Amino acid sequence: MSKIEQTLSIIKPDAVERNLVDEIKNIFIKNNLKIKEIKKIQISKDEASEFYKVHQSKPFYNDLCAYLSSGPIVAMVLEGENAVLFNRKLMGATNPKEADENTIRKLYGISIDKNSVHGSDSVDNAKKEIEFFFKN
Ligand code: UDP
Ligand code: MG
């Protein structure tokens, strides 16, 4: 069964810095995900800590929040059939070394922390994450 969903995608600082924004956007467009909203911003460490608060008990939390706030990022709302899981599939595994061929993280990820993209992991989290970046 297919359903039209929206999901939040973030192009992380490592990929923005390497001028990979257009290449990553083209992967979404070629795969029939529509870019409904897009903005380039830099968030504060406090904002990153709020965004990633589900990970607050993890050993990598502090570094993760420092990293996400370390430079400009591009936040996007993607829309399409089964967009949440489909985007996760296009992204590939968290660790680029374990990601399938031709996934974004396999193509562009540097390491488990500098893995180029974020994508919501459920419809509920997508709603919260879209609100986080695109509430008026
Ligand atoms: N992360 C990390 N070290 C780890 C696991 C995760 O630095 O051992 C970072 C990585 O950038 C990842 C983010 O924390 O994208 C969020 O982790 P999650 O498990 O939610 O992975 P994702 O949903 O991004 O694949
Ligand atoms: Mg996650």
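Residues numbered from 1 in each chain as written. Chains lettered and ligands numbered in written order. Predicted model: local features only at pLDDT ≥ 70, side-chain atom pairs only at ≥ 80, totals over all residues. Heavy atoms only, no water.

## Observations concerning the nonpolar core
Ile-11, Ile-24, Phe-28 and Ile-104 are the most contacted members of the largest nonpolar core, which totals 18 residues. Going through the elements one at a time, helix 1 (13–17), helix 2 (21–30), strand 3 (73–81), helix 5 (83–91) and helix 6 (104–108) are the ones with two or more residues in this core. Tallying contributions element by element places helix 2 first for this core, with 4 residues. The residues touching Ile-11, leaving out its near neighbours within four places in the chain, are Val-16, Val-21, Ile-24, Ile-73, Val-74, Met-76, Ser-116 and Val-117. In this structure, Leu-64, Cys-65, Ile-130 and Phe-134 belong to the second largest nonpolar core, which totals 16 residues. (Core = buried A, V, L, I, M, F, W, Y, C linked by side-chain atoms within 4.5 Å. Buried < 20%, exposed > 50% of the residue type's maximum accessible area, 1.4 Å probe, protein only. Helix = DSSP H or I, 4+ residues; strand = E, 2+ residues; numbered from the N terminus. Contact = heavy atoms within 4.5 Å.)

## Brief notes about the pattern of salt bridges
A side chain with one charge may pair with a side chain of the opposite charge, provided their charged atoms come close. Under the definition given, this model contains 5 salt bridges. As a salt-bridge pair, Glu-79 and Lys-36 come within 3.8 Å of each other at their nearest N and O atoms. With Glu-79 in strand 3 and Lys-36 in strand 2 (residues 34–41), this residue pair connects regions lying 43 residues apart in the sequence. According to the relative accessible area criterion, Glu-79 is buried, its value standing at 18%. Residue classification places Lys-36 among the partly exposed residues on the basis of a relative accessible area of 43%. Linking Glu-50 and Lys-53 is a salt bridge whose minimum nitrogen-to-oxygen distance equals 2.9 Å. (Salt bridge = Lys/Arg side-chain N within 4 Å of Asp/Glu carboxyl O.)

## Considerations on the environment of Ser-49
As for its position among the elements, Ser-49 is in helix 3 (residues 45–51). Among residues more than four places away in sequence, those in contact with Ser-49 are Tyr-61 and Cys-65.

## Here we look at the pairing of strand 1 (residues 4–11)
Looking along a regular strand, one sees side chains alternate from face to face of the sheet. Strand 1 sits mainly inside the fold: 6 of its 8 residues count as buried. Relative to strand 4 (residues 117–119), strand 1 runs antiparallel, the two being bridged by 3 bridges. Counterpart to Ile-10 in the pairing with strand 4 is His-118. (Pairing = 2+ DSSP bridges.)

## Here's the deal with the packing of aromatic side chains
Tallied over the entire structure, the rule returns 4 aromatic pairs. With centroids separated by 5.4 Å and ring planes inclined at 65 degrees, the aromatic side chains of Phe-51 and Phe-133 adopt a geometry described as edge-to-face. On the criterion of sequence distance, the pair formed by Phe-51 in helix 3 and Phe-133 in helix 7 (residues 123–134) is long-range, its members being 82 residues apart. Here Phe-51 matches Phe-133 in class, with each residue buried. Through a chain of ring-to-ring contacts, the aromatic side chains of Phe-51, Tyr-52, Phe-132 and Phe-133 assemble into a single cluster. It is Lys-39 that lies over the ring of Phe-134; its NZ or CZ is 5.0 Å from the centre. Seen from the ring of Phe-132, Lys-135 lies directly overhead, with NZ or CZ sitting 5.5 Å from the centre. (Phe/Tyr/Trp six-rings, centres within 6.5 Å; stacked < 30°, edge-to-face > 60°. Lys NZ or Arg CZ within 6 Å of the ring centre and 35° of its normal.)

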